[in-house]
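Remarks on the overall topology
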Amino acid sequence: AAGVAAALCYSALFGESFNLAPAKGFAWYHACLCELLYTLMLCFVVMNVAAAKKNVQEKNQYYGLAIGFVIIAGAYGAGAVSGGCFNPAVALGIDVSSAGLGFGWCGPYILFELAGAALAAVLFKVVRPEDFEGEKTPATELVSEFLGTYFLVLTVGLNVLGKSKAAAFSIAASLTSMIYALGDVSGAHFNPAVTVAILASGRCPDLTPAKAGTFMGAQIAGGVAAALTYAFIYKGATFALGPVGDFTWAGVSVAEIVFTFVLCFTVLCVAVSERTKASHLFGLAIGSCVTVGGFAIGGISGGSLNPAVSFGIAAAQVLNGGFFYKALIYSLLEFAGGAAAAGVFKVTHEVETALPEGKMEA
């Protein structure tokens, strides 16, 4: 009722309304898949940051930010395909207010949004078995890494193919939301370069080389699955990985190393270090590195900053005759940035290992 009332109010205020329907050139299943996926993401983040037992007990201060950022991620990403409702009340309200232009699309939209919500509930139980008298397993962490990377790369692809004017912000919002949702499940790396940086820092004893390898495998699998998803939504369209415009591989090398360094160093400082850890703003700080990198070097290298993103983009582009070797080059550059971040972190935060534990916390 509130959704319909609000839609009738804005229609009366402006003297016009807009119709609910897939964007021109897209079929019902393209739009409905977008609605399912981002409603899934929205409900999944809500449950993790606002309903998970641990977060309820700790009374975190970032739940609103995490939930709101899902809308930014989805609106700029999937909005160009479906309009970006992600809410049955929104879909029904828009359809009712524009009934004069045609009515009925709210039906399939709502069905797929409800399906997304149901799937989110299932995945919530998978990543948080301890909330349901179960036990956390290594598979739980791998599912977490897969999901976080999947939504990150999906948002990357939809923004690029949809020619979004706020791609960097939307992509950063997706990363921020999923970090807040899954940070206490797997650490929310969602990036093989971040995993390498944390491993090389030596500050996480639980992250063994073998475990790091499984994390990177899950992240790359999530990136490739997401790339195939955005290629399907855009009817086979993909985009290439490589220097943008007249820039060279030298420029790409500097850009990817430097800004992957910035990203990984920030992760180490705000999420790993006991002295500089940001208990509530860690997700925003990390996500903001993507915003900065996207605007700063997006026009040079594309601003991947993540081997899982690079692998996903290249894998999808192979469908249209692209070359996969570019992902290997990008990944090497990004791993170099991550390793450099770990090296510098060991120097800047050496005091943490030099001082007794009691003095570190003083």
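Residues numbered from 1 in each chain as written. Predicted model: local features only at pLDDT ≥ 70, side-chain atom pairs only at ≥ 80, totals over all residues. Heavy atoms only, no water.

A few points about the overall build of the protein chain
- Within the protein chain, the regular secondary structure consists of 17 helices and zero strands.
- The C-alpha atoms of the protein chain give 21 Å as radius of gyration, which agrees with the globular expectation for 362 residues (21 Å, within 12%).
- Counting every position in the protein chain, which comprises 362 residues, the buried fraction comes to 48%.
- Roughly 15400 Å² of accessible area belongs to the protein chain as shown, and the carbon and sulfur atoms make up 68% of that amount.
- Measuring between centres, the 17 positive side-chain charges of the protein chain sit 3 Å from its 21 negative side-chain charges. (Helix = DSSP H or I, 4+ residues; strand = E, 2+ residues; numbered from the N terminus. Rg over C-alpha atoms; globule rule 2.2 N^0.38 Å. Buried < 20%, exposed > 50% of the residue type's maximum accessible area, 1.4 Å probe, protein only. Areas by Shrake-Rupley, 256 points an atom, 1.4 Å probe, with all protein chains shown as cover. Lys, Arg positive; Asp, Glu negative; His and termini not counted. Charge placed at Lys NZ, Arg CZ, Asp CG, Glu CD.)

Some points on the pattern of salt bridges
- Taken as a whole, this structure holds four salt bridges when the rule is applied.
- The closest approach of N and O atoms between Asp184 and Arg128, which form a salt bridge, is 2.7 Å. In this pair, Asp184 is assigned in helix α9 (residues 167–186) and Arg128 in the loop between α7 (106–127) and α8 (138–161), connecting sequence segments 56 residues apart.
- Assessed through its relative accessible area of 26%, Asp184 is described here as partly exposed.
- Residues Glu141 and Lys211 are paired through a salt bridge, measuring 3.1 Å at the closest nitrogen-oxygen approach. You can see Glu141 sitting in helix α8 and its partner Lys211 sitting in helix α11 (residues 209–233), a full 70 residues away along the chain.
- Since its relative accessible area comes to 13%, Glu141 is described here as buried.
- The network of salt bridges with common partners includes Lys136, Glu141 and Lys211. (Salt bridge = Lys/Arg side-chain N within 4 Å of Asp/Glu carboxyl O.)

Examining helix α1 (residues 2–14)
- Between its first and last C-alpha, α1 extends 18 Å over 13 residues, near the 18 Å set by a 1.5 Å rise per residue.
- Trailing α1 by a residue or two, Gly15 shows a phi angle of about 75°, which is positive. (Expected span 1.5 Å × (residues − 1).)

Examining the confidence of the model for the protein chain
- For the protein chain, per-residue confidence averages 94 on the pLDDT scale, and residues scoring 70 or more make up 97% of the total.
- Per-residue pLDDT, averaged within each element of the protein chain, yields its smallest value for helix α17 (residues 357–360) (42) and its largest for α11 (98).
- Low pLDDT, under 50, characterises residues 357–362; the stretch is placed with six contacts to residues that sit more than four places away or in other chains. (pLDDT = per-residue confidence, 0-100. Contact = heavy atoms within 4.5 Å.)

Here's the deal with the nonpolar core
- Counting 84 residues, the largest nonpolar core has Phe44, Leu154 and Tyr230 as its most contacted members.
- Among the elements that make up this core, the one with the highest residue count is helix α2 (residues 28–51) (eleven residues).
- Other than its neighbours up to four places away in sequence, Tyr230 contacts Val153, Leu154, Gly157, Leu158, Leu161, Phe239, Gly312, Ile313 and Ala316.
- Ranked by size, the runner-up nonpolar core spans eight residues in total, among them Leu20, Cys85, Ala91 and Tyr109. (Core = buried A, V, L, I, M, F, W, Y, C linked by side-chain atoms within 4.5 Å.)

Remarks on unusual backbone geometry
- Non-glycine residue Ala188 carries a positive phi angle of around 55°.
- When you line up the elements, Ala188 lands in the loop between α9 and α10 (192–201).
- The exposure class assigned to Ala188 is buried, which follows from its relative accessible area of 7%.
- Not every positive phi belongs to a glycine, and Leu305 is a case in point at roughly 65°.

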